[in-house]
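Chain residues, written in single-letter form:
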Amino acid sequence: MNPARPLYPRPLFRYCPRCARETGNGDDGRRLVCPHCDFRYYHNVAAAVAAVVVHDDALLITHRAHAPAAGTLDLPGGFLDPGEAPEHALARELAEELGWSVLPAPLVFHHAAPNDYEYAGVRYATCDLFFRLEPAKRPPLAPADDVAHAEWRPLASLEPAAFGMASVREVVARLRAPPGT
Ligand SMILES: [Zn+2]
């Protein structure tokens, strides 16, 4: 993480969402404790899922249609809905973004990593859960929703810097690293 760029710029709220008075020192950017009405809000870590779909030394990548980082490369995935299990969230995202109504392979948990996601001027700390899928053949792609375009790219040709999200750049760098490093 870049120490020059605080994860939680303060204040998160200039005015209390409940009593509408100034938040003053009650807002440290991560949590708000209203000095007037004692309203408490914690800007907690949000969970997200992403798919590492590999076939024949190629990775399935998407092009981000919307902010943040519109136009950069990404992996299919998104935020969990409240009450949703991570595997269910990823199956839903793959259906929404690629048209996969049935998973082409089992989801195998790969790893988790923190990320920093800024949207409409609000910064969210996320916990990104990566799952690997290795389909026996390449399923058809019908990009929609947050995905402008999806395609298979040989792992050796991928540049981590072309990916908009730090946690995804890390995964791509790891996939490209020779085994055992
Ligand atoms: Zn208040």
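The shown structure was predicted, so the numbers you read here are calculated from the model rather than taken from an experiment.

Chemist: Let's hear about the overall build of the chain: which residues, and what values?
Modeler: The number of helices and strands found in the chain is two helices and nine strands. When the helices and strands of the chain are read in sequence order from the N terminus, they spell out β-β-β-β-β-β-α-β-β-β-α. For the C-alpha atoms alone, the extent of the chain along its principal axes is close to 60 × 35 × 30 Å. Looking at the chain as a whole, 23% of its 181 residues are labelled buried. Counting contacts in the chain only where the partners sit at least 6 residues apart, residues at least 24 apart contribute 55% of the total.

Chemist: Just give me the short version of the environment of A46, but keep the residues and values in it.
Modeler: Take A46: it is sitting in strand β3 (residues 46–55). Along the primary structure A46 and T126 are separated by 80 residues, whereas in three dimensions their C-alpha atoms are 4.6 Å apart. Not counting residues up to four positions away in its chain, the partners in contact with A46 are F79, Y124 and T126.

Chemist: Give me unusual backbone geometry: which residues, what numbers.
Modeler: Apart from glycine, the bulk of residues carry a negative phi angle, and the bulk of peptide bonds sit in the trans form. With omega at -5°, the peptide bond leading from A67 into P68 counts as cis. Considering the arrangement of structural elements, one finds P68 in the loop between β4 (58–64) and β5 (73–74). Phi at D56 takes a positive value of approximately 55°, unusual for a residue other than glycine. Within the fold, D56 resides in the loop between β3 and β4. We classify D56 as exposed; it has 11 C-beta atoms within 10 Å.

Chemist: Which residues make up helix α2 (residues 166–176), and what values go with them?
Modeler: Taken together, the buried positions of α2 are occupied by S167, V168, V171 and V172. All buried residues of α2 project into a common sector of 135° when viewed along the axis, lining one side. Considering only its buried residues, α2 is in contact with β3, β5, β7 (108–119) and β8 (122–133).

Chemist: Just give me the short version of the nonpolar core, but keep the residues and values in it.
Modeler: Judged by nonpolar contacts, the single largest core of 26 residues is most densely connected at V49, A50, A51, V52, F131 and V168. For this core, the element with the most residues is β3, which contributes six residues. When sequence neighbours within four positions are dropped, the list of residues in contact with A51 reads L75, P76, G77, L90, L94, F131 and L133.

Chemist: An account of the domain arrangement of the chain is needed here, citing residue identities and associated values.
Modeler: Segmentation of the chain into domains returns domain 1 (8–43) and domain 2 (46–176). Computed over C-alpha atoms, the centres of domain 1 and domain 2 are 33 Å apart.

Chemist: Kindly report on the pairing of β8, identifying the contributing residues and their values.
Modeler: Note on strand geometry: in a regular strand, side chains alternate between the two faces of the sheet. Alignment of β3 against β8, held across eight bridges, turns out to be parallel. Among the inter-strand pairings, A51 is bridged to a residue of β8, identified as F131. In the sheet, β7 pairs with β8 via 11 bridges, with the strands oriented antiparallel. Paired with N115 across the strands is T126, a residue of β8. Turn length for the β7-β8 hairpin, with the two strands adjacent in sequence and antiparallel, is two residues, and the turn residue A120 shows positive phi of about 50°.

Calculation criteria
Residues numbered from 1 in each chain as written. Predicted model: local features only at pLDDT ≥ 70, side-chain atom pairs only at ≥ 80, totals over all residues. Helix = DSSP H or I, 4+ residues; strand = E, 2+ residues; numbered from the N terminus. Buried ≥ 20, exposed ≤ 12 C-beta atoms within 10 Å, placed from the backbone. Contact = placed C-beta atoms within 7 Å. Arc of directions from axis to C-beta. Core = buried A, V, L, I, M, F, W, Y, C linked by C-beta atoms within 7 Å. Domains from an automatic or database assignment. Pairing = 2+ DSSP bridges.

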